[in-house]
Amino acid sequence: MSADDKRVNLLDFDEAGLRAFFTAMGEKPFRAQQVLKWVFHQGETDINAMTDIGVALRGKLQELAEVRLPVIIDEQRSTDGTVKWLMGFNGGNAVETVYIPEPKRGTLCVSSQIGCALNCSFCSTGTQGFARNLTASEIIGQVWLAAQALGHERNGRRRITNVVMMGMGEPLLNFDAVVSAMSLMRNDLGFGFAARRVTLSTAGLVPGIYRLRETLDVALAVSLHAPVDDLRTELVPLNRKYPIAELMRACRDYVSEKHKRSVTFEYTLIDGVNDHPEHAHKLVKLLRTVPSKLNLIPFNPFPGTSYRCSSAERIAEFQEIVMRGKLIATVRKTRGEDIDAACGQLVGKVQDRTKRSARIKLQMAETGP
Ligand code: SAH
C-alpha cells in the first residue's frame, strides 16, 4: 500500500459530505462546489490544477486528500456497440461496468459490490461469491471513467443518458456508499441526471426500499422473477426473508409519494421454470396493485447453469398475456452477448471470502460437465 492510500478520497463524499470536510478543515464550505465542478464538469482530478482554489489551500488539500479512481484493466467492445470494462481496485478485485447504446439513449450499468452474497440461482455473479462492498468513490468512479472513455459529450450530446445500478452486487446491501454515489449522479454539480434516469435495482431488500424512499429520489427496479412465493424463493432466496406480499407493500409505498416515482419489475424468463401462461396470469393479478412497468428479460446462460432461455414463442405468448392484462411490458433486448456483458453474465474478479465459488467448482467437477 502506498502512502497515498492514507489520504482521503474526495470522491467518497457527496456534496454535503464534502462541505463538512472543508468546514472541518477550517475552510469555507463552498470549496466543495469548486472541487465537484472540476472533477465532474471539467474531468480534472489533479488538485493542483484546480486553479480557482488558492495555491496555499491546494497544497494543504493535497496533503490530506486526493481524487482516486479505479483503474480500467480491460475494455471489450461488442459488435452491437455495447462496451464492457473491467475496473480494478486495491487488493486485486475488479468489477464489470457495461455501456449499452440505443438510438435514443445510452445506459450505463454500474456495479455496487465485488461479487454478491444473495445467491440467486440464475445469476452468474452469485456463483463468484462475495468479497466486499464497493466504496462510494469506486461506484461513482465507474461512471466517471466510462464517461471519459466514451468521450462524455460528443457533438454536444451526452453518450451516457441513464445510469442503472444493475451490475454486480445488491445495491441496497451497500446503502450508504450507493446513496452517496447516486446523489452525485443526480447533483447538478456532479452528472446532473434527472431522477427517472438513475435507477436502483434490488432483489427485494424490503427495509432498504423504505429507507431509500426517505433518502434519495431515484427510480426503483425490483427483480421479481416469479409471481408466487415458493417459486420466487427457489430463484431469489432472499424471498424467504421478505416474501412477495411484503415486497409489494414496500413498492406501493415507494410510488405513493406526491412526486411521480415509478417501479419497474424485472422478470427473467427461464425455460420451463417461470414462463408458463399460468405465471403470466398470476403476474397480472399481482402487479395490478402497483403502478408499474414490467421488463421481461430473456435468461442469459452462463457456464455451469442448467437453466435455459425460454423460446421466442414462449416469450411472445407471455408478453401478450401480461399486455392483455393491461400491464405495460417490454422485452429487454439482449445486448453484448458476444463479450459476456448481458444481464447476469457479469463476473469481474472476486477474491471470494465466502468460499462459494470453490464449492461450486468442486460440485461441477464431481458431477461432470
Ligand atoms: N442485485 C440487484 C442488482 C443486479 S440487477 C438485483 O437483483 O436487482 C441484474 C438484473 O439481471 C436483475 O434483474 C437480475 O435478476 C437479472 N439477471 C441476473 N442473472 C440473469 C441471467 N442469467 N439472465 C438474465 N437476467 C439475469
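Computed from a predicted model, the values in this text were never measured in an experiment. (Residues numbered from 1 in each chain as written. Predicted model: local features only at pLDDT ≥ 70, side-chain atom pairs only at ≥ 80, totals over all residues. Heavy atoms only, no water.)

Glancing now at the state of the cysteines. Evaluation of the coordinates by the stated rule reveals zero disulfides. Lacking any disulfide linkage, Cys123 is separated from the closest cysteine sulfur, that of Cys120, by 6.3 Å. There is no disulfide at Cys251, and the cysteine sulfur nearest it, in Cys120, is 15 Å away. Judged by relative accessible area, Cys251 falls into the buried class, the value being 0%. (Disulfide = S-S within 2.5 Å. Buried < 20%, exposed > 50% of the residue type's maximum accessible area, 1.4 Å probe, protein only.)

Glancing now at the packing of helix H10 (residues 277-287) against helix H11 (residues 312-324). One can describe the packing of H10 onto H11 by two numbers: an axis separation of 9 Å at closest approach and a directional angle of 30 degrees. The orientation of H10 relative to H11 falls into the category roughly parallel. Crossing geometry of H10 relative to H11 is assigned as right-handed. In this structure, H10 uses Pro277, His279, Ala280, His281, Leu283 and Val284 to contact H11, whose residues at the interface are Arg314, Glu317, Phe318, Ile321 and Val322. Split by residue class, the contact of H10 with H11 holds seven nonpolar, two polar and two charged. (Axes fitted to C-alpha atoms, helices over the stretch in contact; angles between N-to-C directions. Helix = DSSP H or I, 4+ residues; strand = E, 2+ residues; numbered from the N terminus. Parallel < 35°, antiparallel > 145°, perpendicular 65-115°, else oblique. Left-handed = near helix turned anticlockwise from the far one by under 90°. Contact = heavy atoms within 4.5 Å. Nonpolar A, V, L, I, M, F, W, Y, C, P; charged D, E, K, R; others polar.)

What follows is about helix H3 (residues 55-64). All buried positions along H3 are accounted for by Leu57, Arg58 and Leu61. Summarising the axial view, the buried residues of H3 lie within an arc of 100 degrees, below the 170-degree limit, and thus occupy one face. The outward face of H3, more than 90 degrees from its buried face, is lined by the exposed residues Val55, Ala56 and Glu63. (Arc of directions from axis to C-beta.)

What follows deals with the side chain of Thr97. Its location among the elements puts Thr97 in strand S5 (residues 94-101). A polar contact is formed between the side chain of Thr97 and the side chain of Gln142, at a distance of 2.8 Å. Discounting residues that sit within four places of it in the chain, Thr97 has contacts with Val83, Lys84, Trp85, Met87, Leu108, Cys109, Val110 and Gln142. (Polar contact = N/O pair within 3.5 Å; in protein donor to acceptor, adjacent residues only side chain to side chain.)

Our focus in this paragraph is the site of the ligand. The environment of the ligand is made up of 22 residues, and the closest members are Phe122, Ser201, Ser223, His225 and Asn300. Within the side chain of Glu266, a nitrogen or oxygen atom sits 3.1 Å from an oxygen atom of the ligand. About the coverage of the ligand: the protein hides 94% of its 540 Å² of free accessible area. Looking at the shell around the ligand residue by residue, the classes come out as eleven nonpolar, nine polar and two charged. (Near = heavy atom within 4 Å. Areas by Shrake-Rupley, 256 points an atom, 1.4 Å probe, with all protein chains shown as cover.)

With that settled, the discussion passes to unusual backbone geometry. Excluding glycine, residues mostly carry a negative phi; peptide bonds, for their part, are mostly trans. A positive phi angle, close to 70 degrees, is found at Asn119, a residue other than glycine. Assessed through its relative accessible area of 32%, Asn119 is described here as partly exposed. Here the phi dihedral of His225 falls at roughly 70 degrees; this positive angle occurs in a residue that is not glycine. Note that His225 resides in the loop between strand S13 (219-223) and helix H8 (229-235).

Centre-to-centre distance and the angle between the planes together describe a pair of aromatic rings. Under the counting rule described, the total for this entry stands at seven aromatic pairs. Between the aromatic rings of Phe299 and Tyr307, the centroid separation amounts to 6.0 Å while the plane-to-plane angle is 85 degrees, which identifies the pairing as edge-to-face. Comparing Phe299 with Tyr307 shows no difference in burial state: the two are buried. Taken together, the ring pairs connect Phe13, Phe21 and Phe22 into an aromatic cluster. For the cation-ring pair, Arg211 lies above Phe175, with the distance from its terminal atom to the ring centre recorded as 3.9 Å. (Phe/Tyr/Trp six-rings, centres within 6.5 Å; stacked < 30°, edge-to-face > 60°. Lys NZ or Arg CZ within 6 Å of the ring centre and 35° of its normal.)

Moving on, we get to the nonpolar core. In a soluble, globular protein the nonpolar side chains are often hidden away together inside. Among the nonpolar cores identified, the biggest contains 115 residues, and Met185, Phe265 and Leu294 are the most heavily contacted of them. At nine residues, helix H5 (residues 136-150) tops the list of elements feeding residues into this core. In this structure, this core is formed jointly by two domains, domain 1 (8-66) and domain 2 (71-364), each of which donates at least three residues. Each residue touching Met185, except ones within four places of it in the same chain, is listed here: Ile139, Ile140, Val143, Val163, Met165, Phe191, Gly192, Phe193 and Val198. (Core = buried A, V, L, I, M, F, W, Y, C linked by side-chain atoms within 4.5 Å. Domains from an automatic or database assignment.)

On to the domain arrangement of the chain, then. Here the chain is partitioned into domain 1 (8-66) and domain 2 (71-364). One C-alpha centre belongs to domain 1, the other to domain 2; they are set 32 Å apart. Here domain 1 packs against domain 2, burying approximately 1200 Å² in sum over the two surfaces, 62% of which is carbon and sulfur. Connecting domain 1 to domain 2 are zero salt bridges. Applying the counting criterion to the domain 1 and domain 2 interface returns eight residue pairs in polar contact (both at pLDDT 80 or more). With six residues, the single largest contributor to the side of domain 1 that touches domain 2 is helix H2 (residues 31-41). Looking at side-chain class alone, the side of domain 1 that touches domain 2 contains five nonpolar, five polar and four charged residues. (Buried area = accessible area lost by both parts, 1.4 Å probe. Salt bridge = Lys/Arg side-chain N within 4 Å of Asp/Glu carboxyl O.)

Across the sheet, ten strands lie side by side as S3-S4-S5-S6-S11-S12-S13-S14-S15-S16; this open sheet has mixed pairing. Because the sheet does not close on itself, it has two edges, and the strands there are strand S3 (71-77) and strand S16 (328-331). Between one strand axis and the next, the sheet turns through 20 degrees on average, direction left out of account. Relative to the sheet, H5 contacts S3, strand S4 (83-88), S5, strand S6 (106-109) and strand S11 (162-165), its axis offset from that of S4 by approximately 130 degrees. (Pairing = 2+ DSSP bridges.)

Within the element layout of this structure, Arg335 appears in the loop between S16 and helix H12 (356-367). There is a polar contact of 2.9 Å between the side chain of Arg335 and the backbone oxygen of Asp80. Only 2.9 Å separates the side chain of Arg335 from the backbone oxygen of Pro101, close enough to count as a polar contact.

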